[in-house]
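Structure at a glance
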Amino acid sequence: MRPLLPLTALTLALFAPPLWAKDIHAVASFTVLADIVRNVGGTHVIVTSLVGPNGDPHVYEPTPQDAKALKDADAVLISGLGLEGWMTRLIKTSGYSGKVTVASTGIHTRKMTDDGKVVTDPHAWNDISNGVIYTRNVVTALSAADPADAADFKRNGEAYIHKLQALDNYAKARFATLPGAARKVLTSHDAFGYFGAAYGVTFLSPVGISTDAEPAAADVARLIEQIKKEHVAAYFFENSNDPRMVRQIADATGAAPGGELYVEALSPPNGPAASYEAMFRYNVDTLYAGMARTAH
């Protein structure tokens, strides 16, 4: 007769969770990407965003807590395309030796001239069809880190992609109702290039792709003249940037305030852009309202 297990061992054998049923820890560079990871990961993934709500990923200064989060991570994901210039140093400092997933891999990138140089625009997620590519890359990364839950990641990813595709169609239909001459706005910095190309909106800004640059006085003067010439009637500022420059330009041109946009960071949970989906819809509706007011 087989001897009975002691009660404590029997209890552990019956009620302990399976070895594969453990949460994995994923670190994302900024809030937009972190939200995509949460949607794909569901209950299997604990997600840390290095840059927090309303934070600027261009000029972020990593903390010792960030290094610890990276060292303990099962998966690390960045947007790439030059957005997180501080990430290489942080990875080296943290001692993390695993794979770093670049979520923008496979995107048709946009080139632009910034401070006299041709550079890659890193703000790809603002065309929400690119968010579909981010999502598929996240599914692949989480499945590699946790193969046992890969089927759930794929299912979550496909459901999320369906929502993003619906938002893409929503934006195209919304802006199509405005005349082309009205679809021109002033923003704080050049972060809406992908958005503008996808949805037929022209964005003018005093600062290039990175917010750590200061515009030259001559460039600002040329922008003011362009805004007057093209009759740009609405301006918008961004949640993660200083609005003073764009307000000064608006005062000089007569452009009317259109509101705040969320371009590189989500809002806090109680704000209007607490998720990637909410951020995109909020931006579409805010831009539409501002342009519609000046179109009549």
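Further up the page is the structure itself.
Residues numbered from 1 in each chain as written. Predicted model: local features only at pLDDT ≥ 70, side-chain atom pairs only at ≥ 80, totals over all residues. Heavy atoms only, no water.

**Structural notes on the packing of helix H2 (residues 31–41) against helix H6 (residues 150–175)**
Between H2 and H6, the shortest axis-to-axis distance is 7 Å and the interhelical angle comes to 120 degrees. In terms of orientation, H2 lies oblique with respect to H6. When H2 is examined against H6, the residues Asp35, Ile36, Asn39, Val40 and Gly41 are found in contact with a partner set consisting of Asp152, Phe153, Asn156, Gly157 and Tyr160. Class assignment for the residues of the contact of H2 with H6 results in four nonpolar, four polar and two charged. (Axes fitted to C-alpha atoms, helices over the stretch in contact; angles between N-to-C directions. Helix = DSSP H or I, 4+ residues; strand = E, 2+ residues; numbered from the N terminus. Parallel < 35°, antiparallel > 145°, perpendicular 65-115°, else oblique. Contact = heavy atoms within 4.5 Å. Nonpolar A, V, L, I, M, F, W, Y, C, P; charged D, E, K, R; others polar.)

**Focus: the sheet that holds strand E4 (residues 100–102)**
Across the sheet, which stays open at both edges, the four strands sit in the order E2-E1-E3-E4 with parallel pairing between neighbours. In the strand order of this sheet, the two ends are held by strand E2 (45–49) and E4, each with one partner. Each neighbouring strand pair of the sheet contributes to a mean axis angle of 25 degrees, computed without reference to strand direction. When strand E3 (residues 75–78) meets E4, the two strands line up parallel, connected through three bridges. Each residue of the ladder has a partner; that of Val76, found in E4, is Val100. (Pairing = 2+ DSSP bridges.)

**A few points about the pairing of E3**
Burial along E3 is two-sided: Ala75 and Leu77 and Val76 and Ile78, pointing in opposite directions, are all buried. Handedness of the crossover joining E3 and E4 through helix H4 (residues 87–94) is recorded here as right-handed. (Buried < 20%, exposed > 50% of the residue type's maximum accessible area, 1.4 Å probe, protein only. Right-handed = clockwise from strand over helix to strand, strands pointing away.)

**Quick look at the environment of Arg136**
You can see Arg136 is positioned in helix H5 (residues 128–145). It is 10.0 Å that separates the C-alpha atoms of Arg136 and Ile36, two residues lying 100 residues apart in sequence.

**Quick notes on helix H3 (residues 64–71)**
Among the residues of H3, Asp66, Ala67 and Leu70 are the ones counted as buried. What you see down the axis of H3 is that its buried residues fit within an arc of 100 degrees, all on one side. Structural note: H3 exposes Pro64, Gln65, Lys68 and Lys71 on the side pointing more than 90 degrees away from its buried face. The elements touched by buried residues of H3 are strand E1 (24–28), E3 and H4. (Arc of directions from axis to C-beta.)

**So, the pattern of salt bridges**
When their charged atoms lie close together, side chains carrying opposite charge are able to pair. This structure, assessed with the given rule, holds five salt bridges. Measuring nitrogen to oxygen at the nearest pair gives 2.9 Å for the salt bridge that ties Lys68 to Asp72. Residue Lys68 is classed as exposed on the basis of its relative accessible area of 55%. Between Asp121 and Arg110 there is a salt bridge whose closest N-O contact spans 2.6 Å. With a gap of eleven residues between them, Asp121 in the loop between strand E6 (117–120) and H5 and Arg110 in the loop between E4 and strand E5 (111–114) connect regions that are remote in the sequence. The exposure class assigned to Asp121 is buried, which follows from its relative accessible area of 0%. (Salt bridge = Lys/Arg side-chain N within 4 Å of Asp/Glu carboxyl O.)

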